[in-house]
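Listed below, chain by chain, are the residues.
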Amino acid sequence: MRIRALFLLFAGASLAFAQVPVTNSGGIGNLTTGQTPIAPGSLAVIFGTNLSSRIAEADTVPLSTNLGGVTVQFVNGSTTLNGAIKYVQPTDQAQGLISQVNVQVPWNLVPGGVATTVDVIVSHDGLSSAPAQVTVGPFSPGIFAAGGRGIVVNTDGTLAWPSGSVPGVITHPAKPGDLVIVYATGLGAVDSPIADGQSSSDKLRNALIKPVVMVGGISANVPFAGLTPQYPGVNQLNVIIPNATPGDSVPIQIQVGGITSPITTTMAVGP
């Protein structure tokens, strides 16, 4: 009897500490921009409270649909698909952290590429959030960045940022005519199917619609735009720098399907 009573006490305590996940209003968007729509195959971010009970980051490929006990369902009418999860984080008021989930939007969520509204449900430890609505469309271009500087890589492996901008790290501007690699997400469908959470290491996959890349407002030549071989949900663009005005904060943008990534993402361009 005492053992049973003790068990019930612990069970009750566990339930008391379990927190129902809640998605913030407008808290779902492109991982790089926070904007909507989000696109099939792209990486999205979900912000809220109690979306996870612990920090966990995927370290293997393919990505799993369950990370740290967290799952994310995308519901489009009668179709429910689980997203492949990259990272989860609980609420930490002491650190000023908002609970967060980084997840890949399922490739087959919106057949035919027609924009629609879907429900997103985050679950962990047996508890589920109320459905949160978000628009899913064929394109949602965004460039990965740190502190507003785009992840733009020179052919020597350095970042195309101002020289000396990162202590202990070699960086230098790209010059007109140089080839750089830009990492992004949300370029839409590719020319060969790929499983959710999987990398494109098996073959080259091109974006069905080649985007326009603008550097300093000038259209650049883009020899390749598709999926990067290494990272699920990440696009790679090979870009030849046009004759843009030199500067340490030159805007770089992607435009596809009538959607343009924010002008606030920059790179360094030399003379």
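All of the points below concern the structure found in this document. Quick caveat: nothing in here was measured; it's all calculated off a predicted structure.

1. Things to note about the side chain of Thr265
Of note, Thr265 is situated in the loop between strand 21 (259-260) and strand 22 (266-269). Given the relative accessible area of 9%, Thr265 is considered buried.

2. Thoughts on the packing of aromatic side chains
Both the distance between ring centres and the angle between the ring planes are used here to describe each pair of aromatic rings. Evaluation of the coordinates by the stated rule reveals zero aromatic pairs. For Arg149, the ring lying beneath its charged end belongs to Trp161, and the centroid distance is 5.8 Å.

3. Structural notes on the pattern of salt bridges
For the structure shown, the criterion picks out one salt bridge. In this structure, the salt-bridge partner of Arg205 is Asp202, at a minimum N-O distance of 2.7 Å. Classification of Arg205 as buried rests on a relative accessible area of 4%. Residue Asp202 is classed as exposed on the basis of its relative accessible area, which comes to 56%.

4. Thoughts on the pairing of strand 19 (residues 235-240)
Look at any regular strand and the pattern is simple: side chains alternate between the two faces of the sheet. For strand 19, the buried fraction is high: five of the six residues fall into the buried class. When strand 15 (residues 179-185) meets strand 19, the two strands line up antiparallel, connected through six bridges. Within strand 19, the residue paired with Leu179 across the bridge is Ile240. Relative to strand 19, strand 18 (residues 221-227) is paired through five bridges, and the arrangement is antiparallel. Of the residues in strand 19, the one forming a bridge with Asn221 is Ile240.

5. Description of the nonpolar core
Counting residues in hydrophobic clusters, the biggest one holds 26 residues, and the most contacted among them are Ile46, Val72 and Val101. For this core, the elements supplying multiple residues, two or more each, are strand 2 (43-49), strand 4 (70-76), strand 6 (84-89), strand 7 (99-104), strand 8 (116-124) and strand 10 (132-136). With near-sequence residues (within four places) excluded, Ile46 lies in contact with Thr23, Gly27, Ile28, Leu51, Val72, Ser99, Gln100, Val101, Val103, Val120 and Val122.

6. Describing the sheet that holds strand 3 (residues 56-57)
Taken in spatial order, the five strands of this open sheet run 1-2-7-6-3, and their pairing is antiparallel. Of all the strands in the sheet, the pair left with one neighbour each is strand 1 (22-30) and strand 3. Bridge count for strand 6 against strand 7 is five bridges, and the pairing is antiparallel. In the sheet register, Ala84 faces strand 7, and the bridge partner there is Gln104.

What counts as what
Residues numbered from 1 in each chain as written. Predicted model: local features only at pLDDT ≥ 70, side-chain atom pairs only at ≥ 80, totals over all residues. Heavy atoms only, no water. Helix = DSSP H or I, 4+ residues; strand = E, 2+ residues; numbered from the N terminus. Buried < 20%, exposed > 50% of the residue type's maximum accessible area, 1.4 Å probe, protein only. Phe/Tyr/Trp six-rings, centres within 6.5 Å; stacked < 30°, edge-to-face > 60°. Lys NZ or Arg CZ within 6 Å of the ring centre and 35° of its normal. Salt bridge = Lys/Arg side-chain N within 4 Å of Asp/Glu carboxyl O. Pairing = 2+ DSSP bridges. Core = buried A, V, L, I, M, F, W, Y, C linked by side-chain atoms within 4.5 Å. Contact = heavy atoms within 4.5 Å.

In short, the description is geometric, and any link to function would need to be established separately.
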